[in-house]
Every structure is written in C-alpha cells, then in structure tokens.
Amino acid sequence: MNVELVCVGTELLLGSIVNTNAAYLAEKCAGLGLSCYFQTVVGDNGERLAGVLRTAMERSDIVIMCGGLGPTEDDLTKETAAALCGRPLRLHEPSKKAIEKFFAHRGTEPTDNNWKQAMLPEGCTVLENRNGTAPGIILETEKARLILLPGPPGELQPMFQESVAPYLAALTSQVISSQTVKICGVGESKAETMVKDMIGSQTNPTIATYAKTGEVHIRVTANAEDRKTAAKLIKPVVKELKSRFGNHIYTTEEDVTLEKSVADLLLANGLTVTFAESCTGGLLSARLVNVPGISEVYKSSVVTYSNKAKRRLLGVKKSTLQKYGAVSEKAAEEMAKGAAAMYKADVAVAVTGIAGPDGGTEEKPVGLVCIACNVKGKSAVKECRFSGNRGQVREAAVSAALALMRRCILEYYSKVTFGKKE
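Predicted model, so just to flag it, every value in this text is computed and none were measured.

About the thresholds
- Residues numbered from 1 in each chain as written.
- Predicted model: local features only at pLDDT ≥ 70, side-chain atom pairs only at ≥ 80, totals over all residues.
- Heavy atoms only, no water.
- Phe/Tyr/Trp six-rings, centres within 6.5 Å; stacked < 30°, edge-to-face > 60°.
- Helix = DSSP H or I, 4+ residues; strand = E, 2+ residues; numbered from the N terminus.
- Buried < 20%, exposed > 50% of the residue type's maximum accessible area, 1.4 Å probe, protein only.
- Lys NZ or Arg CZ within 6 Å of the ring centre and 35° of its normal.
- pLDDT = per-residue confidence, 0-100.
- Contact = heavy atoms within 4.5 Å.
- Pairing = 2+ DSSP bridges.
- Axes fitted to C-alpha atoms, helices over the stretch in contact; angles between N-to-C directions.

### Focus on the packing of aromatic side chains
- Throughout the structure, instances matching the rule amount to 4 aromatic pairs.
- Geometrically, the ring pair formed by Tyr24 and Phe160 is edge-to-face, given 6.0 Å between the ring centres and 80° between the ring planes. Remark: Phe160 occurs in helix α6 (residues 153-169) and Tyr24 occurs in helix α2 (residues 20-31); sequence separation between them is 136 residues. As far as burial versus exposure is concerned, Tyr24 and Phe160 are alike and both buried.
- Ring plane angle 80° and centroid distance 5.7 Å describe the contact between Phe102 and Phe103, whose orientation is recorded as edge-to-face. In this pair, the class of Phe102 matches that of Phe103, namely buried.
- Above the plane of the ring of Trp115 lies Lys96, whose end atom (NZ or CZ) is 5.5 Å from the centre.
- Sitting over the ring of Tyr210, Arg219 keeps its end group 6.0 Å from the ring centre.

Below you can see the structure in the form of structure tokens.
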C-alpha cells in the first residue's frame, strides 16, 4: 500500500516554520512498510486544499493530512475533507466534553469557536487528543483512507504512536526496518569509498550514506514480513560495517548523539573534563551539557578569545603566540595543558581557529581550526580546514573536537600509541 502526505498551513509555504511533521510521518510510515511517493504542502485555502486532496485520493491508498484542525476560520482541513467525502459534520459529544475538560484543567473558559473542533464528519473514527483540543479523524471511503491529524508536533506525534500506527500496521503485511551506524573521524567521500562494493551489490537490505556535520551516518534498511526477520537481515551488514570502520563507529543506536557517546566514556572512566575555547565561544561546552548527568564530571570551562586571555588564564607562552600565532597547533596544545592544570581535569580540549568571514590570510585561511586534547598529561593535536560560513565553521569545529576527544580517551585506555600528531 502507498501513503501520501498533505501538510496544511500557509506558514509552511512562507517558511515561517520548518515542516518537521513531514519528516516524522514519512519515517514512521516507511517503518510500517508503506511506500510514500508524494508529499504536498498547501496553504489555508479551501479551493486549493480541495484540489490537492482530490488528486491525492485518486492516486494513493492512504492520505495523511496534518494541520488545519484548529478553531479559527482559516482551519479548513476537516471541512474540506468532509465535503469531498460527502459526510456532514455532526457534534461529537465525547470530543466536546474533552474540550471542556481541557480548558477546566487550565482554569480558563473555551471561546465559542472552540466548539468547532467537536464538529466531526459523520461515520468517522475519532482519535483522542490527550495533548490538545483537536481530535484526529479517520475517514474510510471507496477511493482511499483519509487520516486527519493536528499540526502541532506535540499533539501529532503522540496521536500517531497511540492510534494511527496500530491502525496502519493492520493494513500491511510488510515492515521496513532500519538501523543507523554513526561514524566520526571519517569524511563522507572516504566512508562511501569504504562501502562502495557493498552499495554496488546491495539487494535487501540496502545501505545509504548521509553526511552530517562532522559525522557520517550509514543507514541499513531491510524489508521483511516482520521486525524480527528484518533484524536478522540487518545484523550481518552492521557486523561488516563494524569490521571496516572499527572504533570510528560511536554508536548503532538511533537516539545516541556524538556528545552522548563522549559523555558515556567520561562517566564510565570517572574522567573529569574541561574545555578551553576560542573560536567556538562556548559551543563545545554547550554540546556536552546537552547530556543529562554530565555534571558528575564536567565542572567548568573557559572561553579565551583574546591573546591576552590565553596568556593570563591558560598560561600560553608569549613566545608561542609571537612565533606560531594564536591559531596554531602549538597554541592549542598549550591551551589544553593550561586548562587541565587550571581546573585539575583529567581531560582538557582546546579549540582555536579562524571562523571568518574576516581574519584569514593565505597562510592561515578562514576555516583553519586547531584542536588539542590532553588526557592525563598526554596530548594529541589536529589541524582542520573547514568550509562554509562562520556558523558552519564553528559547528564543524565542535564536532571535530568531540571526535578527537573520543579517540584520545579510547587510545589512552586501550594502550594504543598516543601523543602522535594526527
């Protein structure tokens, strides 16, 4: 069976908000074994919405619409769908009571237009909304099945998981299951070259590479009659990827980020950590602080943007700055050592660079970043050259710093030769 997504809202067309619902729904439908060939965004206009919906119903088995179920006059999704299906709107008493309860819980009174959300198409299946006032709707017709969901992700996602996913799962005998192998310290082109033969001979499962900032993700996807069979198909492919990429793989779990994998290493080994940041201006610290529980090992860091601050706070030598410059491997190494000493940390990472758009030279262009990591007195340094605007350079520097930090900790505890220049 195939599914089509129709996202409703003029704000989507204007770029006022990002259409995260489409990505979420597409991924969930694929996991249920449903093929998605079309996605459409349409504004809050009844005539255009009717045209889009009519086309979708003619070419797709299932049409999922999100947005336009609110109480205002420009919320037209339910009315348009009901009219096309020839279903008059009727007051749904349980939905009205749910709306009353929603407002009573918040100590406010509903306005007259809120009751519009309790007017539902005759003969529809009503999906309870535990997080808002717009119930979801399933309309089954001779042409297609229509599923209407509220637009706010905080309402749409729980409703899909609780009500829509089980409904859709019962309609198909196939599932599509995926596992993502996340890699750091290897560029996209190199990663793709390393799996080129696997891509060329793929059938089921398939593999695909995706470039992220400072990372490469390889998604392994299998089509099978159930999740257990799909997992069996995926397992040997992931095993082969592990043999090729080794410790560059930091996780095969969907919800684990690079910063969480680094935090887990720190916590597992009881290592305290500090940062000395220049061009990243605290972004590296912010990434690590995203991880719950990191306060056990992360105490403090310093942003030393000026040369004076690097000398005064971190003990970077004046001769180093004069001879090599603030953006240099030598300066980064001294920054890391100074931060480790200053905060008595087991691990210290320093980042210094030229984020741009100004400040670059022929010898040291915009995008040049030097990173150093010090683990219990042993140092490793890395010079990077990033492209993009100021924000992109800084984000790339943070990812590279996390990757270097992870590598250094792994090498320290595996007794691999450490301290060499990367």
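On we go from here.
### Here's the deal with the confidence of the model for the protein
- For the protein, mean pLDDT is 94; residues scoring 70 or higher make up 98% of the total.
- This stretch, residues 416-422, has a pLDDT under 50; its non-local contacts, to residues over four places away or in other chains, come to 16 contacts.

### Remarks on the environment of Leu156
- As for its placement among the helices and strands, Leu156 is situated in helix α6.
- Look at Leu156 and you get buried, because its relative accessible area is 0%.
- For the pair formed by Leu156 and Gly377, sequence separation is 221 residues and the distance between their alpha carbons is 51 Å.
- Each residue touching Leu156, except ones within four places of it in the same chain, is listed here: Asn21, Tyr24, Leu25, Cys66, Leu149 and Pro150.

### A word on the sheet that holds strand β12 (residues 249-251)
- An order of β10-β11-β9-β12 is seen for the 4 strands of this open sheet, with the pairing classed as antiparallel. Each having just a single partner strand, β10 (206-212) and β12 make up the two edges of the open sheet. Neighbour-to-neighbour, the strand axes of this sheet turn through a mean angle of 35°, independent of strand direction.

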